[in-house]
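The residues making up each chain are set out below.
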Amino acid sequence: MSIVAMWVAVLFVGIYGGDATFHSVDSSSSTIPSAVFVALFAAFGTGSVAKRVFGGKRE
């Protein structure tokens, strides 16, 4: 359930979230959707939750 909740949060940030805008010294800028950053952390969270839940017990 927590893995699904993480990716639903990524979905909502992708739909309703803003963009991260970066400006450099030479007046150029780049824009990245904020869902990219949320998805990165959701991927780390998915890996850690899956390892904990599906990893099996050690003896």
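Keep in mind that this is a model prediction, so the values were computed, not measured. (Residues numbered from 1 in each chain as written. Predicted model: local features only at pLDDT ≥ 70, side-chain atom pairs only at ≥ 80, totals over all residues. Heavy atoms only, no water.)

S.K.: Quick one: what's the story with the overall build of the protein chain, residue by residue and with numbers?
M.R.: A tally of regular secondary structure across the protein chain gives two helices and two strands. Element order for the protein chain, N to C, with α for helix and β for strand: α-β-β-α. For a compact globule of 59 residues, the expected C-alpha radius of gyration is about 10 Å, and the protein chain comes in at 16 Å, more than 25% above that figure. Based on the C-alpha atoms only, the size of the protein chain along its principal axes is roughly 60 × 25 × 5 Å. (Helix = DSSP H or I, 4+ residues; strand = E, 2+ residues; numbered from the N terminus. Rg over C-alpha atoms; globule rule 2.2 N^0.38 Å.)

S.K.: Would you mind going over the confidence of the model for the protein chain in detail, with residue names and values included?
M.R.: Residues at a pLDDT of 70 or more form 95% of the protein chain, whose mean pLDDT is 90. Here strand β1 (residues 19-23) is the element of the protein chain with the lowest mean pLDDT, 91, and helix α1 (residues 2-16) is the one with the highest, 94. (pLDDT = per-residue confidence, 0-100.)

S.K.: Can you lay out the packing of aromatic side chains for me, pointing to particular residues and giving the numbers?
M.R.: Tallied over the full model, the rule gives two aromatic pairs. A centroid spacing of 6.3 Å and a plane angle of 15 degrees characterise the contact between Phe12 and Tyr16, whose relative ring orientation is stacked. With Phe12 and Tyr16 both in helix α1 and four residues apart, the pair spans about one turn of that helix. On the numbers, 6.4 Å between centres and 80 degrees between planes, the contact of Phe22 with Phe37 is edge-to-face. Remark: Phe37 occurs in helix α2 (residues 34-54) and Phe22 occurs in strand β1; sequence separation between them is 15 residues. (Phe/Tyr/Trp six-rings, centres within 6.5 Å; stacked < 30°, edge-to-face > 60°.)

S.K.: Could you give an account of unusual backbone geometry, with specific residues and numbers?
M.R.: At Ser27, a residue that is not glycine, the phi angle is positive and equals roughly 70 degrees. Along the chain, Ser27 falls in the loop between β1 and β2 (29-33). Residue class for Ser27 comes out exposed when judged on its relative accessible area of 71%. (Buried < 20%, exposed > 50% of the residue type's maximum accessible area, 1.4 Å probe, protein only.)

S.K.: Which residues make up the pairing of β2, and what values do they have?
M.R.: Sheet topology note: the β1/β2 ladder contains five bridges and is antiparallel. Pairing of His23 across the sheet is with Ser29, part of β2. Taken together, β1 and the strand that follows it, β2, pair antiparallel across an intervening segment of five residues, in which Ser27 is found at a positive phi of about 70 degrees. (Pairing = 2+ DSSP bridges.)

S.K.: So what's going on with the side chain of Ser34? Which residues, and what values?
M.R.: Relative to the helices and strands, Ser34 resides in helix α2. Those residues in contact with Ser34 that lie beyond four places of it in its chain are Val13, Gly17, Gly18, Asp19 and Ala20. (Contact = heavy atoms within 4.5 Å.)

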